[in-house]
Amino acid sequence: MKKIQLSSLVNINFLILFATISLGIYLCLVGGYGSDEDTLPMIGAFESILKGEKIMASRFTPYPVAELGIGFLSYFFGSWAANIFTFIFFILSLFFLYFTFSDQTEIKKIIIFLLLCLSNPFLFFDNLEPMDYSWALLALFMGSYFLKKNLFELAIVFFGISIGTRIYFLVFVWILIYFFKNSNLTFLRRNYLFICSFFIGGLFYLPFWFENNLSLHWLYAVTPSDQGIIGLIGRFFYKTIKALNLFVLLFFIFLFFEKILKKDFYKFHLRTEYLIIIINLIIFVLIPAEISYLQPLLVCFYFLIINFNLKIIYSIIILNFLSWVINIDYLKINYFSDDKCNNVNAISAEFKLSVKNGYFYEFIHTRDKIKCWIKPGSERYNKIILGKALK
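Calculation criteria
- Residues numbered from 1 in each chain as written.
- Predicted model: local features only at pLDDT ≥ 70, side-chain atom pairs only at ≥ 80, totals over all residues.
- Heavy atoms only, no water.
- Helix = DSSP H or I, 4+ residues; strand = E, 2+ residues; numbered from the N terminus.
- Contact = heavy atoms within 4.5 Å.
- Areas by Shrake-Rupley, 256 points an atom, 1.4 Å probe, with all protein chains shown as cover.
- Phe/Tyr/Trp six-rings, centres within 6.5 Å; stacked < 30°, edge-to-face > 60°.
- Patch = residues over 30% accessible without salt bridge, like charges linked within 9 Å, V, L, I, M, F, W, Y side chains within 5 Å.
- Salt bridge = Lys/Arg side-chain N within 4 Å of Asp/Glu carboxyl O.
- Buried < 20%, exposed > 50% of the residue type's maximum accessible area, 1.4 Å probe, protein only.
- Polar contact = N/O pair within 3.5 Å; in protein donor to acceptor, adjacent residues only side chain to side chain.
- Core = buried A, V, L, I, M, F, W, Y, C linked by side-chain atoms within 4.5 Å.
- Expected span 1.5 Å × (residues − 1).
- Axes fitted to C-alpha atoms, helices over the stretch in contact; angles between N-to-C directions.
- Parallel < 35°, antiparallel > 145°, perpendicular 65-115°, else oblique.
- Left-handed = near helix turned anticlockwise from the far one by under 90°.
- Nonpolar A, V, L, I, M, F, W, Y, C, P; charged D, E, K, R; others polar.

Peer 1: Quick question: what am I supposed to make of the overall build of the protein here?
Peer 2: For the protein, the count of helices and strands is 18 helices and two strands. Sequence-distant contacts, at least 24 apart, represent 74% of the contacts inside the protein between residues at least 6 apart. Carbon and sulfur atoms provide 68% of the accessible area of the protein, an area that totals close to 20,000 Å².

Here it is in structure tokens:
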């Protein structure tokens, strides 16, 4: 009887997962170029190279691999191709993460892990747009998987690609190389792997380094230090709580203190996933910009809890999916402008409980926001609004 119930549960989970992925693919096809102001500069960076013009970075810090990949797909095929690749890369990164840190091939665990990740609105909706997060994640966890399998040359290549996609992923590469448990990894070999990965990743940035007269100011120009310490810490806590869901976070805080009281906490064993989470939090304290900066933290967090009681796991999944429909917020943020195109810069905030539309509505509502960053009336404008290839 239990086997029948377990089988039925797996089937239901699979159907929900299949429906979620299918919805994601559909939204990729119709979602256009998205709502992120960095998408068009990424495409522009590719076009600049394609036309033999001055090499440019999409932001203060370049993201060469993603700029080439997303720019190529957008230029020759259109938004649907860039969106689909981004979404598929994210799903693949979850598989490589799972098989890096787990030797279990139990289909139930894999489905639960995928549901936990895909139900999170920031992991789901942010990876339906042509942005670079999943491109870096896939390369990072492919590298870690090959590291586990002792395919060191392949690990170096993919670690280098991950660094070439988002430069701060160098820190995660360092964690995986030096702290991943593998009896075949001597300290000397770990040094060799890191140096080679750093060298390959660094090659992607050589043109920008030369373009800046061998200056390194482009590495740290993005840091929002003008916000002050209070501003940075406020944004850090607010966005981290949003990423994990307030109710989920409160539960785990309770669980943490309960373990301390029971003295279970002192049985804690350091794992590579914990280090990724800690380092990701430190990086986010310094640059509390987009919530998707926390994607390494979120996927590692969900992996760590897949062996929890199923009632707890399903509660988290339900809360995640509920946030798609309804969003309970505890902070009212006042922006510099109420205009859709200028409501990015927050000027003040106050504690105020409110019920808002969920993240699914927000995603649909912002599909035309891409027009905020391009001059109307041109042929290029029409192509971007319609999500067409820009060739």
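Peer 1: For this particular structure, what's the right way to read unusual backbone geometry?
Peer 2: Peptide bonds are, in most cases, trans, and in most cases residues other than glycine have a negative phi. With a phi close to 65°, Asn 150 is a non-glycine residue in the positive phi region. For Asn 150, the location among the structural elements is in the loop between helix H7 (133-148) and helix H8 (152-165). You will see that Asn 245, though not glycine, has its phi angle at about 80°, which is positive.

Peer 1: Explanation requested: the packing of aromatic side chains in the structure shown.
Peer 2: To describe a pair of aromatic rings, you give the distance between the ring centres and the angle between the ring planes. In total, this model carries 39 aromatic pairs according to the counting rule given. The interplanar angle of 65° and the centroid separation of 5.1 Å between the aromatic rings of Phe 321 and Trp 324 together place this pair among those described as edge-to-face. Of this pair, Phe 321 and Trp 324 both sit in helix H16 (residues 310-325), three residues apart, which is roughly one turn of that helix. Each residue in the set Phe 87, Phe 124, Phe 125, Phe 321, Trp 324, Phe 360 and Phe 363 is aromatic and connected to the rest through ring pairs, giving one cluster.

Peer 1: Explain a nonpolar patch on the surface here, please?
Peer 2: A cluster of nonpolar side chains, Leu 246, Phe 247, Leu 250, Ile 253, Ile 318, Leu 322, Val 325, Ile 326, Ile 328, Leu 353 and Val 355, forms an exposed patch at the surface whose accessible area comes to about 1,000 Å². Listed by contribution, the elements that provide at least two residues to the nonpolar patch are helix H13 (246-261), H16, strand E1 (326-335) and strand E2 (346-357). No other element matches the four residues that H13 contributes to the nonpolar patch. Here Ile 328 lies in strand E1. In this structure Ile 328 comes out as partly exposed when scored by relative accessible area, which is 44%.

Peer 1: What is the right way to read the environment of Ser 35 from this model?
Peer 2: Along the polypeptide, Ser 35 turns up in the loop between helix H1 (2-30) and helix H2 (39-50). As for Ser 35 and Ile 370, which are separated by 335 residues in sequence, their C-alpha atoms are 5.1 Å apart. Within polar-contact distance, the side chain of Ser 35 engages the side chain of Glu 129 at 3.1 Å.

Peer 1: Help me understand the nonpolar core in this model?
Peer 2: In globular proteins that are soluble, nonpolar side chains generally tend to be buried together. With 95 residues, the main nonpolar core has Phe 113, Leu 116, Phe 172 and Tyr 302 as its most contacted residues. Here this core gets eleven residues from one element, more than from any other, and that element is helix H4 (residues 79-101). Here Leu 116 is in contact with Tyr 302, Ile 305, Ile 306, Ile 313, Ile 316, Ile 317 and Asn 320, once residues within four sequence places are set aside. With ten residues, the next largest nonpolar core counts Leu 40, Ile 43, Ile 370 and Ile 374 among its residues.

Peer 1: What should I look at first to understand the pattern of salt bridges in this one?
Peer 2: It is possible for side chains bearing opposite charge to pair when their charged atoms get close. In the structure shown here, the tally under the stated rule is nine salt bridges. Between Arg 380 and Glu 47 there is a salt bridge, with its nearest N and O atoms 2.9 Å apart. With a gap of 333 residues between them, Arg 380 in helix H18 (residues 379-386) and Glu 47 in helix H2 connect regions that are remote in the sequence. Lys 383 is the partner of Glu 379 in a salt bridge, and the nearest nitrogen-oxygen pair spans 3.6 Å.

Peer 1: Would you mind going over the environment of Leu 353 with me for this structure?
Peer 2: Position of Leu 353 among the secondary structure elements: in strand E2. Residue classification places Leu 353 among the exposed positions, given a relative accessible area of 69%. Between the C-alpha atom of Leu 353 and that of Tyr 330, which follows or precedes it by 23 residues, the distance is 4.2 Å. Look past the residues within four positions of Leu 353 in its chain and what remains in contact with it is Ile 328, Asp 329 and Tyr 330.

Peer 1: How do you make sense of the side chain of Thr 20 when you look at a structure like this?
Peer 2: Note that Thr 20 resides in helix H1. Separated by 2.7 Å, the side chain of Thr 20 and the backbone oxygen of Ile 16 make a polar contact.

Peer 1: Would you mind going over helix H12 (residues 228-244) with me for this structure?
Peer 2: Along an α-helix, residues three or four positions apart point the same way, because every turn accommodates 3.6 residues. Between the first and last C-alpha of H12 there are 25 Å, a value that for 17 residues agrees with the 24 Å anticipated at 1.5 Å per step. Every buried residue of H12 is listed here: Gly 231, Leu 232, Phe 236, Tyr 238, Thr 240, Ile 241, Ala 243 and Leu 244. Looking one or two places after H12, you find Asn 245, whose phi comes out positive at around 80°.

Peer 1: What's the story with the packing of H4 against H7 in this structure? I'm lost.
Peer 2: Axis angle and axis distance: for two packed helices, these are the angle between their axes and the distance between the axes, and together they describe the pair. Remark: H4 packs on H7, axes separated minimally by 8 Å, with the N-to-C direction vectors making an angle of 25°. Our classification of the angle between H4 and H7 gives roughly parallel. Helix-helix and strand crossings are classified by hand; for H4 and H7 the assignment is left-handed. Facing H4, whose interface residues are Phe 85, Thr 86, Phe 89, Phe 90, Leu 92, Ser 93, Phe 96, Leu 97, Phe 99, Thr 100 and Phe 101, H7 presents Ser 134, Trp 135, Leu 137, Leu 138, Phe 141, Met 142, Ser 144, Tyr 145 and Lys 148. When its residues are assigned to classes, the contact of H4 with H7 shows 14 nonpolar, five polar and one charged.

Peer 1: Can you help me understand the packing of H4 against helix H5 (residues 107-119) in this one?
Peer 2: Two elements in contact, H4 and H5, have axes separated by 11 Å at closest approach and are oriented at 135°. It follows that H4 is oblique to H5 by the angle criterion. The way H4 lies across H5 gives a crossing that is right-handed. Contacts between H4 and H5 involve Phe 87, Phe 90, Leu 94, Phe 95, Leu 97, Tyr 98 and Phe 99 from the first element and Lys 109, Ile 110, Phe 113, Leu 114, Cys 117 and Leu 118 from the second.

Peer 1: How should helix H3 (residues 64-76) be read in this particular structure?
Peer 2: Between its first and last C-alpha, H3 extends 18 Å over 13 residues, near the 18 Å set by a 1.5 Å rise per residue. Extensive coverage of H3 is indicated by the burial of ten of its 13 residues. Pro 64, Val 65, Ala 66, Glu 67, Gly 69, Ile 70, Gly 71, Leu 73, Ser 74 and Tyr 75 are the residues of H3 that are buried. Turning to H3, the residues buried within the fold contact H2, H4, H7, H8 and helix H11 (206-211). Positive phi shows up at Gly 78, right after H3, with a value of about 115°.

None of the figures reported here should be taken as evidence of function without further support.
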